[in-house]
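# Structure assessment
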Amino acid sequence: MSAYDLDRTLAALADPYRRRVVDLLRERPHRAGELAEATQIAFPLMSRHLKTLRESGVVEEDRDPFDSRVRIYRLRPEPMADLKAWLEETEALWGRQLVALKAHLQKGRK
Amino acid sequence: MGAAVGGVEGAFAEGAEVRLGDVGAPVTSKVFIALRVPADPMRTFEVFTQEIALWWQPSGLFRVGATGDGRLAFEPGVGGRLFTTFDDGSTYEIGRVSVWEPGQRLVFAWRQPSFSAEQSTEVEVCFEAVGEETRVSVEHRAWDTIPRKHAARHGFPEHVTLQRVADWWRGALEGLRERIGGL
């Protein structure tokens, strides 16, 4: 994972509506219209959020095989994996540091 | 995700609030971990902040291509820096303290050198007495909103995002710096 990619993912998800979209796409791919409806935000605004998510590589779009005017959005797995890896590293980091803090306090008592 | 401190005697870790794999739970950026240490909350806070250089384990996070993290130090109080000093004398600011409540709570910003200019994360450390010991908990979040009770305490709307909070603090601190003459 590159730091740049993780950074883009974090920036893309630093918005509650975009996170809601990601949550919906984790269930299954959705049409833009469905996403706008489910999140109750205006279609033009949804289009902007989808553009941000697309540019950051979090989602990708396809054309509906039955209706080429309709776009279907799906989650790309890599950014989510990067995010999970960052969370795991961060958890491991603080685990190590707290254990070290504890050891330091134990040493100080003797 | 397993407990990061598993296998260490006397240590306990609480599961991180990470459910990226489970459909249905909202995507989160929050990591939570806690450990009981043998000192009272005041002493633990003091050691956490003033002796961090003595207990911090090198993580390789703060300087690309160099070994170690340098010598970490907190400047006490709200607006104080958490920074690290390398052997060659150069420094790197990890973040600024936004909450400084000795013996209770510490909140500071956390930026790794790989982060972009706007990107920041936040670390909240709580110190709670458990008998004669202290439960130290660390919550590290990249965008999850700050807890509602804290939001209320600081007068933030509860839906405000972490990034906005970070911006707010940056603004507030810049204002403060200007008032006290460019510290």
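Residues numbered from 1 in each chain as written. Chains lettered and ligands numbered in written order. Predicted model: local features only at pLDDT ≥ 70, side-chain atom pairs only at ≥ 80, totals over all residues. Heavy atoms only, no water.

### Things to note about the sheet that holds strand β3 (residues 67-75) of chain A
Pairing between the strands of a sheet comes from backbone hydrogen bonds, and it takes one of two forms, parallel or antiparallel. All names here are of chain A. This is how the line gets drawn: Only when DSSP finds a minimum of two bridges between them are two strands counted as paired. Only DSSP runs of H or I reaching four residues or more are called helices, and only runs of E reaching two or more are called strands; each is numbered from the N terminus. Residue contacts are defined here by distance: any two heavy atoms, one from each residue, within 4.5 Å place the two residues in contact. Think of each axis as a best-fit line through the C-alpha atoms, taken over the contacting stretch in the case of a helix, with angles from 0 to 180 degrees between the N-to-C directions.
What the 3 strands build is an open sheet, ordered β1-β3-β2; its pairing is antiparallel. Looking at which strands have only one partner, the edges of the open sheet turn out to be β1 (30-31) and β2 (59-64). By the bridge criterion, 2 bridges tie β1 to β3 in an arrangement that is antiparallel. Within β3, the position partnered with Arg31 by the bridge is Ile72. Across the sheet, helix α4 (residues 43-55) is in contact with β2 and β3; its angle to β2 comes to roughly 115°.

### As for the packing of aromatic side chains
All names here are of chain B. Where we set the bar: Here the aromatic set is Phe, Tyr and Trp, taking the six-membered ring for Trp, and pairing holds for ring centres within 6.5 Å; pairs whose planes are under 30 degrees apart are stacked, those over 60 apart are edge-to-face, and all others are tilted. Residue burial is assigned from relative accessible area. The probe radius is 1.4 Å, only protein chains are included, and a residue is buried under 20% of its type maximum, exposed over 50%, and partly exposed in between.
For the coordinates displayed, the defined rule picks out 12 aromatic pairs over all chains. Both rings, one in Phe48 and one in Trp55, keep their centres 5.1 Å apart while their planes meet at 50°; by these two values the pair is tilted. Under the relative-accessibility criterion, Trp55 is labelled buried at 1%. For the pair Phe74 and Phe108, a centre-to-centre distance of 5.2 Å together with 75° between the ring planes defines the contact as edge-to-face.

### A look at unusual backbone geometry
For Gln40 of chain A, which is not glycine, the phi dihedral falls at a positive 55°. Note that Gln40 of chain A resides in the loop between α3 (32-39) and α4.

### Concerning the side chain of Arg141 of chain B
Residues and elements named next belong to chain B. Stated formally: Polar contact is defined as a pair of N or O atoms within 3.5 Å, subject to the rule that within protein one atom must be able to donate a hydrogen and the other to accept it, and that residues adjacent in sequence are counted only when both atoms are side-chain atoms.
Summarising the element assignment, Arg141 is placed in strand β7 (residues 133-141). Polar side-chain contacts of Arg141 include one of 2.9 Å to the side chain of Glu124. At 2.6 Å, the side chain of Arg141 and the side chain of Glu139 are in polar contact.

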